[in-house]
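# Coordinates in review
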Amino acid sequence: MIRSITKQKPFEEVLELLSGLDRIFLAGCGTCTTLCRTGGMPEVLEMASKLGEKGKIVTGQMVIPVACDELTHEAVEDHKQAFSEAEAVLMMSCAYGVQTMSKQVGLPAIPALDTLFVGKEMGLGRFDEVCTQCGSCVLGLTGGICPVTACHKGLLNGPCGGTNNGKCEIDSDKDCAWTLIYLKLKEQGKLDLMRKYHDLRNHNVEPKPGKIRLPLE
Amino acid sequence: MNRSFKEVLGSGKFVVTSELGPPKGTNLENMIHHVDLLKDKVDAINVTDHQSSVMRYPSLGGALIVKERGGEPILQMTCRDRNRMALQADLMFAYSRGITNVLCLTGDAVVVGDHKQAKGVFDLDSSQLLTAIRTMESGKDLGGSDLDGAVNFCAGAIVTPEANPIEPQLIKFEKKIAAGAEFIQTQAIYDLDNFKRFMDYARPFGVKIMAGVILLTSWRMAEFMNKNVPGVFVPQPLIEEIKSAPKGGAIAKGVEIAGRMIRRIKEESICDGVHVMAIGKEELVPDILKEAGLANGS
């Protein structure tokens, strides 16, 4: 399953964002930020206690099952009283959840987290970015490994000179995508695919911001 | 400097290139001094493009200075900082000012440099930049529009013969040649027997290859490169040789080693020439060439 991967903002930055706002409703998310341990129940409780120490009044707190879902308004209804007493909602969800909440309530929805990437859970506590939704999928030619995402430079025609014994020049913990692609294609007996020259990428397949309207009757 | 680099490449002579890194700032005195020192001793001078992603005076500006002072510049162009529009514009500008040699590079990652939060562009890669040049030479830009006045470049690229695994690099090398690379300057090599094996593979492609020679200035530098510079491998006996130099003699030993390597490359016709990188010690390049028996620009 794909996950929105987050990290907590420094607490000082959260306080800065909440300056002048004393009564806070605190909301985590039961899905991605629970898995990332950035906005599940333990993190929400810890944040409530830290805000309390700084003199903030937490009018209510909850972990919304899926903060980016439109059902968020039902969660708001369930905590009507606590929301009405709050001056802001501090969201311990990804930016999708923040924006969903912002549409549901009149209050400012303030992020307590930074959203890093849309990733895949590779094991407990391990998340990798494997697709950046470029609009022009090359996986059929690259052994099922995306160079647009997994190569730091997004190179289409093979490794750069910074590849170092299978690792990336920016971080020895990160694999060189093109070494992985090479090994995979070699194993599949399809190295010829790696010899294919990729012409210049279209960076505007779906010009930002993406917007699709299906012709449904 | 009477002959263009393209003419030199075609002449069959042993080609010698060197390189300069522009300064951080607008004081060009030192760079100009190095241009004057090297311009008649080498066939062409590369000017690096924010090498190691450290922001500096532009390679285009440095290449212009080489040209203005009578040298033959090789403009290094990376894809890190410019999208295809800016790259094409700079290529037109370079050509219009008499800069006709370009070395096409992908470029180091932004995060290894001194502006770590900058956006890395990489709209094109090195092989696509070569394609861009060949497209512009046909009188069209990358958007398919006609150019009123085309360009004409001697374009090159790099290869890392010591990379591990090597095959992905070789596949890329072949793509660069197919995309129009006329010359190749290699990453630094120190093990000539290994390099000979690379040349056995590379020679049939018919592209001119200059072996990269980086001046070793201390055994610590050699160990640092082994640890930190991808695709550079200084064999232990060379490190021991520098260690054995008398106190204060490491640089002289490095000059001797570089000269010896170049001499052997030429004598055994291992490849078509050398690219000498002295990394801040450009004043020693003439000594290296002298040691190699190439005192008068070969």
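Before reading further, recall that the structure is shown in the block above.
Residues numbered from 1 in each chain as written. Chains lettered and ligands numbered in written order. Predicted model: local features only at pLDDT ≥ 70, side-chain atom pairs only at ≥ 80, totals over all residues. Heavy atoms only, no water.

## Comments concerning empty space enclosed by the protein
Over the atoms, a rolled probe matching the size of one water molecule traces out where space is still vacant. All names here are of chain A. Counting across every chain of the model gives 2 cavities of 30 Å³ or more. By volume, the largest cavity is sized at about 120 Å³. Of all the elements in the fold, those that place two or more residues in the lining of the largest cavity are β8 (167-168) and α8 (177-187). Looking at the lining of the largest cavity residue by residue, the classes come out as 8 nonpolar, 3 polar and 4 charged. For the second largest cavity, the calculated volume is near 40 Å³. (1 Å grid on protein atoms, 1.4 Å probe; cavity = no way out; pocket = protein on both sides within 12 Å on 5 of 7 lines; lining within 4 Å. Points joined across faces, edges and corners; volume = space filled by probe spheres on them. Helix = DSSP H or I, 4+ residues; strand = E, 2+ residues; numbered from the N terminus. Nonpolar A, V, L, I, M, F, W, Y, C, P; charged D, E, K, R; others polar.)

## With respect to the sheet that holds strand β7 (residues 126-128) of chain A
Residue and element names in this part refer to chain A. The 3 strands lie next to each other as β1-β6-β7, forming an open sheet whose pairing is antiparallel. The open sheet terminates on both sides in strands that have one partner only, identified here as β1 (2-8) and β7. Strand after strand, the sheet turns through a mean of 60 degrees between neighbouring axes, direction not considered. (Pairing = 2+ DSSP bridges. Axes fitted to C-alpha atoms, helices over the stretch in contact; angles between N-to-C directions.)

## Some thoughts on the packing of aromatic side chains
All names here are of chain B. Summed over all chains, the structure comprises 9 aromatic pairs over all chains. Both rings, one in Phe 173 and one in Phe 205, keep their centres 5.6 Å apart while their planes meet at 90 degrees; by these two values the pair is edge-to-face. Here Phe 173 is found in helix α6 (residues 167-178), whereas its partner Phe 205 is found in the loop between α7 (192-202) and β7 (208-214), with 32 residues between them in sequence. Judged by its relative accessible area of 1%, Phe 173 falls in the buried class. (Phe/Tyr/Trp six-rings, centres within 6.5 Å; stacked < 30°, edge-to-face > 60°. Buried < 20%, exposed > 50% of the residue type's maximum accessible area, 1.4 Å probe, protein only.)

## Considering helix α6 (residues 95-104) of chain A
All names here are of chain A. For α6, the set of buried residues is Gly 97, Val 98, Thr 100 and Met 101. Around the axis of α6, the buried residues are gathered within 165 degrees of arc, so they sit on the same side. Seen from the open side of α6, the exposed residues pointing more than 90 degrees away from its buried face are Tyr 96, Gln 99 and Lys 103. Contact partners of the buried residues in α6: β3 (57-64), α4 (72-78), α5 (80-85), β4 (88-92) and β5 (109-111). (Arc of directions from axis to C-beta. Contact = heavy atoms within 4.5 Å.)

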